[in-house]
Amino acid sequence: MADLLVTGTDTGVGKTVIAAALIFNARQQGASAVGFKPAETGLSDAGVADSDILAQASGIETPLARPLLRLAEALAPAVAAERAGCSLDPGDIGRRIRGLRAGGRRVIVEGAGGLLVPLSWGCTALDVARENGLQVVIVARAGLGTLNHVALTHEALVARDIPVRGIVLNMRDATPDLAERTNPATLARMIPGVPILVNPRHDGDVLDQARASVSFIAGIA
Ligand SMILES: Nc1ncnc2c1ncn2[C@@H]1O[C@H](COP(=O)(O)OP(=O)(O)OP(=O)(O)O)[C@@H](O)[C@H]1O
Ligand SMILES: [Mg+2]
């Protein structure tokens, strides 16, 4: 089964929840999977880091899966790194992915923000997918405004021949509004042939939400 990049149409759309759900799903099927977030910004003492959530979902702690960049400022990784006087070597991302693969695990990579956010100057999540043979899961808001964001993200991937495994519309409200109700069928018409999955709102913390999401994302696993 292909390794995956979980990207989003924006920051805060549910990438970590869905990446962790994909890991749980693989593990439930008897495969071993490991999450890897190469660059993590906006870290605070209060919040739980995405990389820690992915490690908990993976059930393993390995230095290979730790982020290459961890910074406090909530900025695109390339910008935060420049301000901190450091940088991320894109070649290291590939080396980590190959190392994790060599351990026999399926690798689930989480991007930072959306697809074209610079991880380092000249390297985006799209480049990481292309250079490492990753298939892509697009996570998006479910409501008004998402059609354009999803279509643009999908088009950028198709233009570079990167396979899109599925699109997850992630609900944040308990009761869907009109746009949330009509968007799945609309996207299916706009982007035929790609599974469009709706993940409802779940209670609990991010890991609880990820476990509860497993049955809703099984179609792209
Ligand atoms: N299906 C859901 N039900 C309820 N809450 C959700 C759901 N999906 C995501 N959330 C909440 O939305 C917030 C953002 O989710 P998440 O951290 O997965 O987004 P992200 O795209 O990974 O963000 P970032 O760009 O910071 O990495 C979190 O507080 C999470 O608990
Ligand atoms: Mg995240």
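So, a few notes on the structure that sits alongside this text. Remember, it's a predicted structure, so these values are computed and weren't measured experimentally.

It is worth spelling out helix H4 (residues 90-102) at this point. For H4, which comprises 13 residues, the first-to-last C-alpha distance of 19 Å matches the rise-based estimate of 18 Å (1.5 Å per residue) to within 8%. Along its buried surface, H4 packs onto strand S2 (33-36), strand S5 (106-114) and helix H5 (125-132). Just downstream of H4 lies Gly104, where phi reads positive at about 85°.

What follows is about the site of ligand 1. Contacts to ligand 1 come from 18 residues, most closely from Thr11, Gly14, Lys15, Thr16 and Val17. Looking at the shell around ligand 1, the element that brings in the most residues is helix H1 (residues 15-28), giving three residues.

What follows is about the pairing of strand S9 (residues 164-170). For S9, the buried fraction is high: six of the seven residues fall into the buried class. Where strand S8 (residues 135-141) and S9 come together, six bridges link them in parallel fashion. Within S9, the position partnered with Val139 by the bridge is Val168. Regarding the hand of the β-α-β motif, the stretch spanning S8, helix H6 (residues 146-159) and S9 is right-handed.

Conventions used here
- For every chain, the first residue of the written sequence is number 1, and numbering continues from 1 onward in sequence order.
- A letter from A marks each chain and a number from 1 marks each ligand, given out in the order of writing.
- For this predicted model, a pLDDT threshold of at least 70 governs which residues receive local features, and a threshold of 80 or more governs which side-chain atom pairs are given and counted, while totals over whole chains, interfaces and linings are taken from all residues.
- Elements are defined by DSSP. Helices are runs of H or I of four residues or more, strands are runs of E of two residues or more, and each kind is numbered from the N terminus.
- To estimate the expected span of a helix, count its residues, drop one, and scale the result by 1.5 Å.
- Here, residues touch in the contact sense if the C-beta positions derived from the backbone fall within 7 Å of one another.
- Here is the check we use: build the C-beta atom from the backbone, and if it is within 6 Å of the molecule or strand, call the residue near.
- Partly exposed residues are those whose C-beta has more than 12 but fewer than 20 other C-beta atoms within 10 Å; with 20 or more the residue is buried, with 12 or fewer it is exposed, and the C-beta atoms are placed from the backbone.
- In short, DSSP must find at least two bridges between two strands for them to pair.
- Seen with its strands pointing away from the viewer, a crossover is right-handed if its path from the first strand over the helix to the second goes clockwise.

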